[in-house]
Amino acid sequence: MRTTTKFLAAALVSAVMATPAMASEPYVALDIGQTTAKDACGTAGLPAGTTIAGCKDSSAGLRVSLGSEFAPGFSGEVSYAAYGSASLGVATIPGVGTVAGGDWKLSGFQLAGIGALPVNDAFAVIGKVGLASTKISLSVGGLSATSTNLMFGIGAQFRINSDVSVRAQYENLGTVGDAATTGTAKVSVIGAGVVYKF
């Protein structure tokens, strides 16, 4: 799996690095959305009978991207995202009492290829695949872990004019974190944004 991931990473990097020389359609994009860290509020690894109150497994996030359409319907994109943060709540542990969990925070980089299937002159269905390097940090204890996963997404894009489009996407970033320290969560993002070609 590691060899496969390294091979795909090298292929994606090569494609994106080659993009400026071939591209006629560079663009920037700004997306906002909701990040869900499934299992962030779970009790896995804690003593039996533990309950958690006030934990939130979702948060608002923001991403900035730079990309280029290097062939009709095909783009390469690099991005950085602050996926947001939320409370881990308060755990009530049998024999211990109540323990504040602090907050979790997610951020990361993406390198992806995007394909667009036109439905008409203005509307297209888009698919996305690439690598996501995502960091999860805990405010209590200063613990953090970074995971690099294959990611995929699907969505739609609507062209307003020759320079501006709007898009909406669902993305699956895989399982993020470390079971022994930060714990793990399955991270997904539903977002919408604006694409500006220059």
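Draft legend 1. Representation of the packing of aromatic side chains within the structure. Applying the stated rule across the entire model yields one aromatic pair. Ring centres of Tyr-80 and Phe-109 lie 5.0 Å apart, and the angle between their planes is 55 degrees; on these two criteria the pair is classed as tilted. Of this pair, Tyr-80 sits in strand β4 (residues 74–87) while Phe-109 sits in strand β7 (residues 103–118); the two residues are 29 residues apart in sequence, bridging distant segments of the chain. Judged by relative accessible area, Tyr-80 falls into the partly exposed class, the value being 40%. With a relative accessible area of 52%, Phe-109 lands in the exposed category.

Draft legend 2. Expanded view of the pairing of strand β8 (residues 123–138). Pairing analysis gives 15 bridges linking β7 to β8, with the strands arranged antiparallel. Residue pairing in the sheet places Trp-104 in a bridge with Leu-138 of β8. In sequence, β7 turns back onto β8 through a hairpin of four residues. Note that β8 and strand β9 (residues 144–159) share 15 bridges and pair antiparallel.

Draft legend 3. Structural detail: the layout of surface pockets. Here the largest pocket defines a volume of roughly 650 Å³. Ala-40, Gly-42, Leu-46, Leu-88 and Thr-182 are the residues nearest the centre of the largest pocket, which is lined by 26 residues in total. Taken together, the elements giving at least two residues each to the lining of the largest pocket come down to β5 (90–93), β6 (97–100), β8 and β11 (183–197). Its boundaries defined by the atoms lining it, the second largest pocket holds a volume of some 440 Å³. Taken together, 23 residues form the lining of the second largest pocket, with Glu-69, Ala-116, Ala-124, Gln-157 and Lys-197 sitting closest to its centre. Listed by contribution, the elements that provide at least two residues to the lining of the second largest pocket are β4, β7, β8, β9, β10 (164–178) and β11. No other element matches the four residues that β7 contributes to the lining of the second largest pocket. Partitioning the lining of the second largest pocket into residue classes produces 11 nonpolar, six polar and six charged.

Draft legend 4. Geometry of the sheet that holds β7. Strand order in this closed barrel of eight strands is β1-β3-β4-β7-β8-β9-β10-β11, and the pairing throughout is antiparallel. Across this sheet, the average inter-strand angle for adjacent strands is 20 degrees, counted without regard to direction.

What counts and how
- Residues numbered from 1 in each chain as written.
- Predicted model: local features only at pLDDT ≥ 70, side-chain atom pairs only at ≥ 80, totals over all residues.
- Heavy atoms only, no water.
- Phe/Tyr/Trp six-rings, centres within 6.5 Å; stacked < 30°, edge-to-face > 60°.
- Helix = DSSP H or I, 4+ residues; strand = E, 2+ residues; numbered from the N terminus.
- Buried < 20%, exposed > 50% of the residue type's maximum accessible area, 1.4 Å probe, protein only.
- Pairing = 2+ DSSP bridges.
- 1 Å grid on protein atoms, 1.4 Å probe; cavity = no way out; pocket = protein on both sides within 12 Å on 5 of 7 lines; lining within 4 Å.
- Points joined across faces, edges and corners; volume = space filled by probe spheres on them.
- Nonpolar A, V, L, I, M, F, W, Y, C, P; charged D, E, K, R; others polar.
- Axes fitted to C-alpha atoms, helices over the stretch in contact; angles between N-to-C directions.

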